[in-house]
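# A closer look at the structure
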Amino acid sequence: MSELFPEGHPEGNINEQESPTHDQPLAARLRPTSLDDIAGQQHILGKGKLLRRAIEADRFSSLIFYGPPGTGKTTLATVIAKTTNSRFEMLNGVESNVSEIREKIAQAKTWKQLRNQTTILFIDEIHRFNKAQQDVLLPHIERGTVRFIGATTHNPYYYINSPLTSRSQIFQLDSVSVEDLIPILNKALTDTTLGLGNEPIIADLDALQHIAEKADGDVRKALTALELAALTTPENDTGEIHLTLAIAAESIQKKAILYDATGDTHYDTISAYIKSIRGSDPDAALYWLAKMLVAGEDPRYIARRMVISASEDIGLADSNGLRVAMDAQQAFEFIGMPEGRIPLAHATVYLATAPKSNSAYAALNEAMDDIENGKTLIVPAHLRTPSRKKLASASGTKDSELEYHYSHSFEGNYVPQAYLPEGRQYYQPTENGLEKRIKERLDFWAAQHKSTS
């Protein structure tokens, strides 16, 4: 043992974490050391939850944590190592390579042989590893050489190879709520050992509330803002550091929009936007539109989704919605940003407040389902091309069945006539908006058809 890991060598005490010092940032000093100290995440770490049971029983193999920055993915991995008395090794998906992975695995094997201690290999930003790098881990995970824990801000089902996800339990960490952040800020202010408790700080409640709200669910960001406010605010005449709302707002500055153009937030936000239009809530639709624009989403992508919604959700209840959406898309292409946001807002409000119907879309889906499920109908003889009609006549089809009635030759440009062999009805018009007129017209024609049959 002494030859492999001499006294003082970092590998000789890899599992003994250094004690926090005041030279470290506040967020690092207050990093949780037990499951109970971790903020939020009660959906996976609450009493009786699967992950907590697996950790406390030391019964897990490979784990993948994904969620926004500052939600505790790395912290949770270190707490798991401490709780299970495991050795902790860390790599980064941006900086590490295959040789480093193999080196860590070789060390894990040696440690297992000499101390019978399991190594947790934590890889941050695992989505940055290419397929070859991820594949290197697989046999060692299978053999139990290491316990793998990966962390990512991207949906692992899209960004991590399926062989690795299939061998791992995947848990999503949520942004920490304002209600969970406030106690952390208060603890930081009162902790005399690792926090700011030895400083004469008085923080207004609205100041802490502002920091918690503007941190976007990121514990690290909240603590960093609080520390900055405390360290840069001079003492007042009574010797106190008074943290006001104005100081808090300055310390955290403008709220950074949590948005990745190809990941979960991208899809979640556009989903919220479309569903707000569908739900006839113009305020919500405008908010999600604003978030996407401020975050740098491609306006053309928004316009395309808007055009789809105009047909899918508004449809025949107000066919003008499709025209408005197309006009907004064309207007944006003509004028560009920043003014291009104006027609996008115009169309958003129009679509959100328009009457809704998905009848045409639903009818098409139903017809396609019938075709895909084997209900493929032949074209009735009287609707076929002239040459095809001759073939039908030659095969014995009755003349009455071959006769096609030209609609424009009849009053009202309508004549009762079968266009589907089974008389199948797909389109079910609503009485919403202008579609009510379509329903009335179809009902009138159906009555005519019935009277002549």
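What counts, and at which threshold
Here the residue numbering is sequential within each chain, running from 1 through the sequence in written order. Since the coordinates come from a predicted model, pLDDT governs what is reported: local features require at least 70, and pairs of side-chain atoms require 80 or more to be given and counted, while whole-chain, interface and lining totals use all residues. With hydrogens and water excluded, all non-hydrogen atoms of the structure serve as input to the side-chain values. Strands here are runs of E lasting at least two residues and helices are runs of H or I lasting at least four, both read from the DSSP assignment and numbered beginning at the N terminus. Each residue's exposure class comes from its accessible area (1.4 Å probe, protein chains only) as a fraction of the maximum for that residue type: buried when under 20%, exposed when over 50%, partly exposed otherwise. Confidence scores here are pLDDT values: one per residue, from the predictor, ranging 0 to 100. Contacts are assigned to residue pairs with any non-hydrogen atoms lying within 4.5 Å of each other. In this text, buried Ala, Val, Leu, Ile, Met, Phe, Trp, Tyr and Cys residues form a nonpolar core when linked through side-chain atoms within 4.5 Å. Within the patch definition used here, like charges are joined within 9 Å and nonpolar side chains (Val, Leu, Ile, Met, Phe, Trp, Tyr) within 5 Å, considering only residues with over 30% relative accessible area and no salt bridge. Residue exposure ignores everything except the shown protein chains as possible cover, and the areas themselves are Shrake-Rupley values with a 1.4 Å probe. The salt bridge criterion pairs a side-chain nitrogen of Lys or Arg with a carboxyl oxygen of Asp or Glu, the two atoms within 4 Å. Between N or O atoms, a polar contact is any pair within 3.5 Å; within protein, one atom must be a potential hydrogen donor and the other a potential acceptor, and residues adjacent in sequence are included only when both atoms are from side chains. When two rings of Phe, Tyr or Trp (its six-membered ring) have centres within 6.5 Å they constitute a pair, described as stacked for plane angles under 30 degrees, edge-to-face for angles over 60, and tilted for the intermediate range. Grid points spaced at 1 Å over the protein atoms alone were grouped into cavities, where a 1.4 Å probe fits but cannot get out, and pockets, open sets with protein on both sides within 12 Å along at least five of seven lines, with lining residues defined by an atom within 4 Å of a point. Grid points are joined across faces, edges and corners, and a volume is the space filled by probe spheres set on the points. Each residue is assigned to one class: nonpolar for Ala, Val, Leu, Ile, Met, Phe, Trp, Tyr, Cys and Pro, charged for Asp, Glu, Lys and Arg, and polar for all the others, Gly among them. In this scheme, strands are said to pair when DSSP sees at least two bridges between them.

## Details of the environment of Leu-51
- Within the fold, Leu-51 resides in helix H3 (residues 50-56).
- Leu-51 sits in the buried class, given a relative accessible area of 1%.
- Sequence separation of Leu-51 and Ile-170 is 119 residues, and the distance between their C-alpha atoms is 9.8 Å.

## Focus: the confidence of the model for the chain
- Of the residues in the chain, 89% have a pLDDT of 70 or more, and the chain-wide mean is 85.
- Per-element averaging of pLDDT across the chain places helix H19 (residues 386-394) at the bottom with 58 and helix H17 (residues 341-353) at the top with 96.
- Low confidence marks residues 1-16, where pLDDT is under 50. Its contacts with residues over four positions away, or in another chain, come to 23 contacts.

## Looking at the nonpolar core
- In this structure, Leu-181, Leu-185, Ile-211, Leu-223 and Leu-226 are the most contacted members of the largest nonpolar core, which totals 30 residues.
- Those elements that provide at least two residues to this core are helix H1 (26-29), helix H9 (178-190), helix H10 (205-214), helix H11 (219-232), strand S7 (241-243) and helix H12 (245-252).
- The element contributing the most residues to this core is H11, with 7 residues.
- Ignoring anything within four residues of it in the chain, the contact list for Leu-223 reads Leu-26, Ala-27, Leu-30, Ile-184, Leu-185 and Ala-188.

## Side note on a nonpolar patch on the surface
- There is a patch of nonpolar side chains on the surface, built from Tyr-404, Tyr-406 and Tyr-419 and spanning about 330 Å² of accessible area.
- Residue position: Tyr-404 is located in the loop between helix H20 (399-402) and helix H21 (435-452).

## Remarks on the side chain of Gln-41
- Note on placement: Gln-41 falls in the loop between H1 and helix H2 (42-45).
- Among the polar contacts made by the side chain of Gln-41, one reaches the main-chain carbonyl oxygen of Thr-71 at a distance of 3.4 Å.
- Among residues more than four places away in sequence, those in contact with Gln-41 are Gly-46, Thr-71, Leu-173, Asp-174 and Val-176.

## As for the pattern of salt bridges
- Within this structure, the stated rule accounts for 16 salt bridges.
- Put simply, Arg-128 and Glu-125 hold a salt bridge, and the shortest N to O gap is 3.6 Å.
- For Arg-278, the salt bridge identified is with Asp-313, shortest N-O distance 2.8 Å. Taken together, the positions of Arg-278 in helix H13 (residues 264-278) and Asp-313 in helix H15 (residues 299-314) put the pair 35 residues apart, joining distant regions of the chain.
- Counted as one network, the salt bridges with shared partners bring together Asp-36, Lys-47, Arg-52 and Glu-56.

## A look at the packing of aromatic side chains
- One pass over the full model with this rule turns up 3 aromatic pairs.
- Relative to Phe-122, the ring of Phe-88 has its centre 6.0 Å away and its plane inclined at 25 degrees; by these criteria the two rings are stacked. Pair noted here: Phe-88 is in strand S2 (residues 87-92) and Phe-122 is in strand S3 (residues 119-124), with a separation of 34 residues, a long-range link. Across the pair, Phe-122 and Phe-88 agree in class, each one buried.

## Section: the layout of surface pockets
- A volume near 690 Å³ is recorded for the second largest pocket.
- As for the second largest pocket, its lining consists of 19 residues, of which Tyr-414, Arg-424, Gln-425, Leu-442 and His-449 are closest to the centre.
- Of the residues in the lining of the second largest pocket, the class split is 11 nonpolar, 5 polar and 3 charged.

## Some remarks on the pairing of strand S1 (residues 63-66)
- Residues Leu-63 and Phe-65 point to one face of S1 and Ile-64 and Tyr-66 to the other, with burial holding for every one of them.
- With 4 bridges joining them, S1 and strand S5 (residues 169-172) adopt parallel strand pairing. Looking across to S5, one finds that Ile-64 is bridged to Ile-170.

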